[in-house]
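# Structural characterization, general
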Amino acid sequence: MSGTIEVKPAPAVPVPAAVVTPRAAIKRPSRWTEARRSFRRHWQLYLLIIVPLAYFVIFKYIPISNAVIAFKDYSPIKGPWGSPWVGFKNFDLFFHNPVFWTLLKNTFILAVYLVLASFPIPIILAVALNELRQGVFRKTVQLVTYAPYFISTVVVVSMTLLVLSPRIGFVDDAIGLFGIPQIDFLGDPNYFRHIYVWSDVWQTTGYSAVIYLAALSGIDPALHESAKIDGASRLQRIRNVDLPGIMPTAVIILVLGVGNIMSIGFEKAFLLQNQLNLSQSEIIATYVYKTGLLNADFSMATAVGLFNSVLNLFLLLAVNFVAKRITGNGLWS
């Protein structure tokens, strides 16, 4: 005799609902508490940044307050805050000065020329050095190209003047062997920008290449090994592995270079300047020096310098925005 045993399920035990604590009821530590906790935990790191932070505050941010003399008729006796307020009078005088557009054009053309010439050459040098396998030759090339960076601007200009001098320079003697008449490189304004830019390229290329060499050293060697297995040539590896690997670094350097496009160096332009090439060698930096220190017109010099700084800021933000949209890399990415 067979029977069926019916098993009844056990009654469900009611589960108490979870107690949900509202987010507002959770007491979080204040920012001041978190800051103190972080300082106790990483006080060594905070101690390291005190000196750089003090440097920027004392020598960079506090002097910004003296830019107020651009809006005043500055008197050294009354000081920046006691001098009478004139508003935008100094800016208006500068904008209506006949030399305004000449200064702007000379500064912009020289700076753009410098950026276009000095940006790709260090990349080419770094990639070429990275491909070298002979240690002695590579170190020699690095030493020869890096050493000029430690030469002061005054010495570089003195060497340039001696080399290009129409009386004792050997350049005119060398081109004279080919039947080319003597050229006054230092007196002809058409040669000023070329002398300025290529002497700067000679001086800074080796130093700039070190930055790209550091970026190249961070590329995963497995990428090169994979490219070799796939049959990629050396040029193809450079184009598809090395250049994309250093692209973020190159973009940042380019953005910084374009952002400082109107703050081109004063020393070299002033030292290479003479009465014959003044039409192209007079830039904003030399004009500020002559106006502020030689003519003692401190308000006008500050106004010109402030205008230049604001223009640089807008250029930096614009170029960084464009680089961010095109390449995805920027200063704050």
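This report concerns the structure included in the present document. (Residues numbered from 1 in each chain as written. Predicted model: local features only at pLDDT ≥ 70, side-chain atom pairs only at ≥ 80, totals over all residues. Heavy atoms only, no water.)

This next bit is on unusual backbone geometry. Of note in the backbone geometry, alanine 296 takes a positive phi value of approximately 60° without being a glycine. Relative to the elements of secondary structure, alanine 296 occurs in the loop between α16 (284-294) and α17 (298-327). (Helix = DSSP H or I, 4+ residues; strand = E, 2+ residues; numbered from the N terminus.)

The subject of this paragraph is a nonpolar patch on the surface. There is a patch of nonpolar side chains on the surface, built from Phe39, Trp43, Leu45, Tyr46, Leu47, Leu48, Ile49, Ile50 and Val51 and spanning about 950 Å² of accessible area. Elements represented by at least two residues in the nonpolar patch include exactly α2 (43-48) and α3 (50-61). Here the nonpolar patch takes five residues from α2, the largest share from any one element. With respect to the helices and strands, isoleucine 50 occurs in helix α3. (Patch = residues over 30% accessible without salt bridge, like charges linked within 9 Å, V, L, I, M, F, W, Y side chains within 5 Å. Areas by Shrake-Rupley, 256 points an atom, 1.4 Å probe, with all protein chains shown as cover. Salt bridge = Lys/Arg side-chain N within 4 Å of Asp/Glu carboxyl O.)

Turning our attention to helix α6 (residues 100-118). Helix length check: α6, at 19 residues, gives a terminal C-alpha distance of 27 Å against a target of 27 Å (1.5 Å per residue), a fit within 8%. For α6, the set of buried residues is Phe100, Leu103, Leu104, Asn106, Thr107, Leu110, Ala111, Leu114, Val115 and Ala117. (Expected span 1.5 Å × (residues − 1). Buried < 20%, exposed > 50% of the residue type's maximum accessible area, 1.4 Å probe, protein only.)

What follows deals with a positive patch on the surface. A contiguous patch of positive charge on the surface is contributed by Arg36, Arg37, Arg40 and Arg41. Within the fold, arginine 37 resides in helix α1 (residues 31-41). On the basis of relative accessible area, arginine 37 is assigned to the partly exposed category, the value being 38%. (Lys, Arg positive; Asp, Glu negative; His and termini not counted. Charge placed at Lys NZ, Arg CZ, Asp CG, Glu CD.)

Nonpolar side chains in soluble globular proteins tend to end up buried together. Ranked by size, the top nonpolar core spans 34 residues in total, and within it Phe94, Leu110, Tyr196, Val197 and Ile264 carry the most contacts. If you list the elements that add at least two residues to this core, you get α5 (89-95), α6, α9 (153-164), α10 (170-176), α11 (192-217), α14 (266-272), α16 and α17. Here this core takes seven residues from α6, the largest share from any one element. Excluding residues within four positions of it along the chain, isoleucine 264 makes contact with Thr107, Leu110, Ala111, Leu114, Tyr196, Ile283 and Ala285. Ile219, Ile238, Val241 and Ile246 belong to the second largest nonpolar core, which has 15 residues in total. (Core = buried A, V, L, I, M, F, W, Y, C linked by side-chain atoms within 4.5 Å. Contact = heavy atoms within 4.5 Å.)

Coordinates in, geometry out; function isn't part of it.
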